[in-house]
Amino acid sequence: VSEGTMKTGRYVNHGGIIGETVNNDRISYVYIYGCVNRMSVDGAYNCGGIIGTAGEDVNIEECCNEGYVMTGCTGADYGGIAGQNNGKISNCYNSGKLGTGNFVYGGGIAGINNHIIQNCYNNGRMPQTLQSSTYISAPGAMSAINSGTIVSSYFDLDLIPVNYLLGSDFVN
């Protein structure tokens, strides 16, 4: 369990538990299980309640974020569980609030999902959707941008409007 406040510099991958995992010759598989984040996580390029960037061989299971997640970096991805997911997130939930900023993509589970989100739940407060020539905020209840698979996952319609399913629905 992590608690408190963590603020980092820009252009780093940052999470309440782990910053990032990358594939290399020494690490072939990473299993993150049963983690709880109650910390306020603020300031990184890929920012998540549990992990900033999850590599391809990462499996995140039965973790939850209850902390506030925010980034002030232009073009950043941030999420309740992961800023960017290239692995598998399963049986996780987010009840933490997501902040907003210029040209950022926030997701209740992952800012960007490139692989699998399965059996996850989000009831965290989402930022407003805003789009103008100088400001874009594209929050998604599951993921702001999804090029992967989202299966058997849901969000609270009393807290999050149905059109917030994927943040990319707002950006033309």
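Residues numbered from 1 in each chain as written. Predicted model: local features only at pLDDT ≥ 70, side-chain atom pairs only at ≥ 80, totals over all residues. Heavy atoms only, no water.

Asker: Describe the overall build of the protein chain, naming the residues involved and giving the relevant values.
Answerer: The helix and strand tally for the protein chain stands at zero helices and 24 strands. Put simply, the protein chain has 172 residues, and 51% of those count as buried. A sequence separation of at least 24 residues applies to 78% of the contacts in the protein chain between residues at least 6 apart. (Helix = DSSP H or I, 4+ residues; strand = E, 2+ residues; numbered from the N terminus. Buried < 20%, exposed > 50% of the residue type's maximum accessible area, 1.4 Å probe, protein only. Contact = heavy atoms within 4.5 Å.)

Asker: How would you summarise the sheet that holds strand β15 (residues 93-94) if you had to cite specific residues and measurements?
Answerer: Overall, parallel pairing links the five strands, which are arranged β5-β10-β15-β19-β24 in an open sheet. Both edges of this open sheet fall to β5 (36-37) and β24 (154-155), since each of them pairs with a single strand only. Here two bridges tie β15 to strand β19 (residues 121-122), and the two strands are oriented parallel to one another. Following the sheet pairing, Asn94 is matched in β19 by Asn122. (Pairing = 2+ DSSP bridges.)

Asker: Kindly report on the sheet that holds strand β14 (residues 88-90), identifying the contributing residues and their values.
Answerer: Here we have five strands laid out as an open sheet, ordered β4-β9-β14-β18-β23, and parallel in their pairing. At either margin of the open sheet sits one strand with a lone partner, and together these are β4 (30-33) and β23 (149-151). Averaged over neighbouring strand pairs, the angle between their axes works out to 10 degrees when direction is ignored. The pairing of strand β9 (residues 58-61) with β14 spans three bridges and is classified as parallel. Each residue of the ladder has a partner; that of Glu61, found in β14, is Ser90. (Axes fitted to C-alpha atoms, helices over the stretch in contact; angles between N-to-C directions.)

Asker: Report on the environment of Asn123, specifying residues and quantitative values.
Answerer: Residue position: Asn123 is located in the loop between β19 and β20 (130-131). Residue classification places Asn123 among the partly exposed positions, given a relative accessible area of 24%. Taking C-alpha positions, Asn123 is 8.3 Å from Ala141, a pair spaced 18 residues apart along the chain. The contact partners of Asn123, leaving out residues within four places of it in the chain, are Asn94, Ser95, Asp156, Leu159 and Ile160.

Asker: Can you explain the side chain of Asn85? Please cite residues and give values.
Answerer: Structurally, the position occupied by Asn85 is in strand β13 (residues 82-85). Only 3.2 Å separates the side chain of Asn85 from the backbone oxygen of Ile116, close enough to count as a polar contact. Excluding its chain neighbours within four sequence positions, the residues that come into contact with Asn85 are Ala54, Ala110, Ile112, Asn113, Asn114, His115, Ile116 and Ile117. (Polar contact = N/O pair within 3.5 Å; in protein donor to acceptor, adjacent residues only side chain to side chain.)

All we've got here are geometric facts, nothing functional implied.
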